[in-house]
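# Residue-level structural notes
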Amino acid sequence: MSSPYRIAVFASGQGSNFQTMADASLSGSLGAEVVLLVCDKSQAPVVERARKAGVESYVFDPKAYARREDYEAEIAAELEKRNVDLVVLAGYMRLLTSVLVERYAGRMINVHPSLLPAFPGKNAIGQAWDYGVKLTGITVHFVDGGMDSGPVIAQQAVEITSEDTLDSLESKIHQAEQQLYPQVVSMFAKGLVRLEGRQVSIHNK
Ligand SMILES: Nc1nc2c(c(=O)[nH]1)N[C@@H](CN(C=O)c1ccc(C(=O)N[C@@H](CCC(=O)O)C(=O)O)cc1)CN2
Ligand SMILES: NCC(=O)N[C@@H]1O[C@H](COP(=O)([O-])[O-])[C@@H](O)[C@H]1O
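Keep in mind that what you see is a predicted model, and the values were worked out from it rather than measured.

### Quick look at the overall build of the protein chain
Secondary structure summary: the protein chain contains 6 helices and 9 strands in total. Against the 2.2 N^0.38 benchmark of 17 Å for 205 residues, the protein chain shows a C-alpha radius of gyration of 17 Å, consistent with a compact globule. Counting only C-alpha atoms, the protein chain reaches 50 × 45 × 35 Å along its principal axes. Taken across its 205 residues, the protein chain has 45% of its residues classed as buried. In the protein chain, the proportion of contacts linking residues at least 24 apart, taken out of those at least 6 apart, comes to 61%. If you sum the accessible surface of the protein chain, you get close to 10400 Å²; carbon and sulfur atoms cover 50% of it. Put simply, the protein chain has 20 plus and 24 minus side-chain charges, and the middle of one group is 3 Å from the middle of the other.

### Here's the deal with the pattern of salt bridges
Enumeration according to the criterion identifies 9 salt bridges in this entry. Of the charged contacts in the structure, one is a salt bridge between R82 and E56, with a shortest N-O distance of 2.8 Å. One end of the pair, R82, is in the loop between α3 (68-81) and β4 (86-89); the other, E56, is in the loop between α2 (45-53) and β3 (57-59), and 26 residues separate them in sequence. The exposure class of R82 is buried, given its relative accessible area of 12%.

### A closer look at the site of ligand 1
Every one of the 19 residues lining ligand 1 counts as a neighbour, but R68, R94, D144, G146 and D148 are closest to it. In this structure, R68 approaches ligand 1 through a side-chain N or O atom, which is 2.9 Å from an oxygen atom. At 3.0 Å, a backbone N or O of L96 approaches a nitrogen atom of ligand 1. Of the residues in the shell around ligand 1, the class split is 8 nonpolar, 6 polar and 5 charged. Counting residues domain by domain, the shell around ligand 1 receives three or more from each of domain 1 (1-104) and domain 2 (110-205).

### Brief notes about the UniProt feature "domain: Formyl transferase N-terminal" (unreviewed entry) in the protein chain
Within this numbering scheme, the UniProt entry marks residues 6-185 as carrying the feature "domain: Formyl transferase N-terminal" (unreviewed entry). Helix makes up 38% of residues 6-185 and strand 23%. Its end C-alpha atoms lie 10 Å apart.

### Some words on the domain arrangement of the protein chain
Each assigned domain of the protein chain is listed with its residue range as follows: domain 1 (1-104) and domain 2 (110-205). Taking only C-alpha atoms into account, the centre of domain 1 sits 19 Å from that of domain 2. With 18 residues of domain 1 at the contact, the number on the domain 2 side is 15 residues. Contact between domain 1 and domain 2 buries roughly 1400 Å² in total, counting both sides, with carbon and sulfur atoms accounting for 69%. On inspection of domain 1 and its partner domain 2, the count reaches 0 salt bridges. Counting the contacts that link domain 1 with domain 2 gives 3 residue pairs in polar contact (both at pLDDT 80 or more).

### Section: the side chain of E78
Here E78 shows up in helix α3. Among the polar contacts made by the side chain of E78, one reaches the side chain of R82 at a distance of 2.8 Å.

### Overview of the packing of aromatic side chains
For the structure on display, the rule yields 6 aromatic pairs. Ring centres of Y58 and F60 lie 6.4 Å apart, and the angle between their planes is 25°; on these two criteria the pair is classed as stacked. One exposure class covers both Y58 and F60, and it is buried. Note on F142 and F188: the rings are 5.7 Å apart at their centroids and 75° apart in plane angle, and the pair reads as edge-to-face. Pair noted here: F142 is in strand β6 (residues 135-142) and F188 is in helix α6 (residues 166-189), with a separation of 46 residues, a long-range link. Overall, F142 belongs to the buried group, its relative accessible area being 5%. Here the aromatic cluster, defined as three or more aromatic residues joined through ring pairs, consists of Y58, F60, Y65 and Y71.

Conventions we followed
- By convention here, each chain's residues receive numbers from 1 onward along its written sequence.
- For naming, the first written chain is A and the first written ligand is 1, with later ones following in the order written.
- Note on the predicted model: pLDDT of at least 70 is required for a residue's local features to be given, and 80 or more for side-chain atom pairs to be given and counted; whole-chain, interface and lining totals, by contrast, use all residues.
- To get the side-chain values, all heavy atoms of the structure are used, and hydrogens and water are removed first.
- Counting from the N terminus, the helices are the DSSP runs of H or I reaching at least four residues and the strands are the DSSP runs of E reaching at least two.
- The globule rule is 2.2 Å times the number of residues to the power 0.38, and the radius of gyration it is compared with is taken over C-alpha atoms.
- Whether a residue is buried, partly exposed or exposed follows from its accessible area with a 1.4 Å probe, protein chains only, as a fraction of its type maximum: under 20%, in between, or over 50%, in that order.
- Here a residue-residue contact requires only that any non-hydrogen atoms of the pair lie within 4.5 Å.
- Using a 1.4 Å probe, accessible areas were evaluated by the Shrake-Rupley method; residue-level cover was limited to the displayed protein chains.
- The charge count includes Lys and Arg as positive and Asp and Glu as negative, but it does not include His or the ends of the chains.
- The atoms used to mark charge sites are NZ of Lys, CZ of Arg, CG of Asp and CD of Glu.
- The salt bridge criterion pairs a side-chain nitrogen of Lys or Arg with a carboxyl oxygen of Asp or Glu, the two atoms within 4 Å.
- For this purpose, a residue is taken to be near a molecule or strand whenever a single non-hydrogen atom of the residue falls within 4 Å of it.
- The term polar contact refers here to a pair of N or O atoms within 3.5 Å; inside protein, the definition further demands a hydrogen-donor-capable atom paired with an acceptor-capable atom, and it admits residues adjacent in sequence only when both atoms are side-chain atoms.
- Throughout, the ten residues Ala, Val, Leu, Ile, Met, Phe, Trp, Tyr, Cys and Pro are labelled nonpolar, Asp, Glu, Lys and Arg are labelled charged, and all others, Gly among them, are labelled polar.
- Annotation comment: domain bounds sourced from an automatic or database domain assignment.
- UniProt positions are given in the numbering used here, feature names are shortened, and annotations may be inferred rather than shown by experiment.
- Note on terms: buried area is the combined drop in 1.4 Å-probe accessible area of two parts once they are placed together, counting the loss on both.
- Only centres within 6.5 Å qualify two rings of Phe, Tyr or Trp (six-membered ring in Trp) as a pair; their planes then separate them into stacked at under 30 degrees, edge-to-face at over 60, and tilted for everything else.

Following this line, the structure appears as structure tokens:
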């Protein structure tokens, strides 16, 4: 019996994507174990979600460090300790440096609430709303040294209709994330994702 595929989730906020991963892990549908939550905000609701889910948290204060690289070195040690196979960013609102990006090249993914390369960075949903696009969506991508610039793994479109408000759009985006992101993690756990240059392919076995 092979040991379960081990993932660490990085989050900074509400934690709805973390919750989805933890629930899917518990039900067995994820095919992976969430072994650690990494969070940069001690009061973030995601920390309480992890406690209730029985998932260990590593919470740190970026202001306590002179450089990003310093806290990332400590995070890297925590990940190594737990033999993490995949780093899953889910609303983690800090730019990662080469300390973690290079160490987890090809094993670090992020979900972004737009159809990249449109609307990178923060407040992507608000950017799409303000621009007035009729179609937006979500992107799951590999994390590289740039901001939201890594190879695209999967995308899902979300239509903006005349009945929508910013709130209803945010809700549709979050629903799409909670459906797609665990599916992508499950594909990694099964070894189905291949990366060649910027081309990502999903294989059946
Ligand atoms: N090297 C990378 N790091 C991160 C990526 C990435 O693609 N490459 N994705 C982001 C997630 N993200 C949007 O998807 C994002 C995260 C953080 C920021 C940002 O400007 N953060 C500020 C601090 C903001 C704060 O204090 O709340 C910063 O890091 O100085 C924009 C977009 C995760 N990291
Ligand atoms: N630029 C990164 C970014 O905007 N990420 C977004 O933060 C939200 C986190 O929600 P959650 O804390 O409820 O999972 C998610 O919508 C995710 O796409």
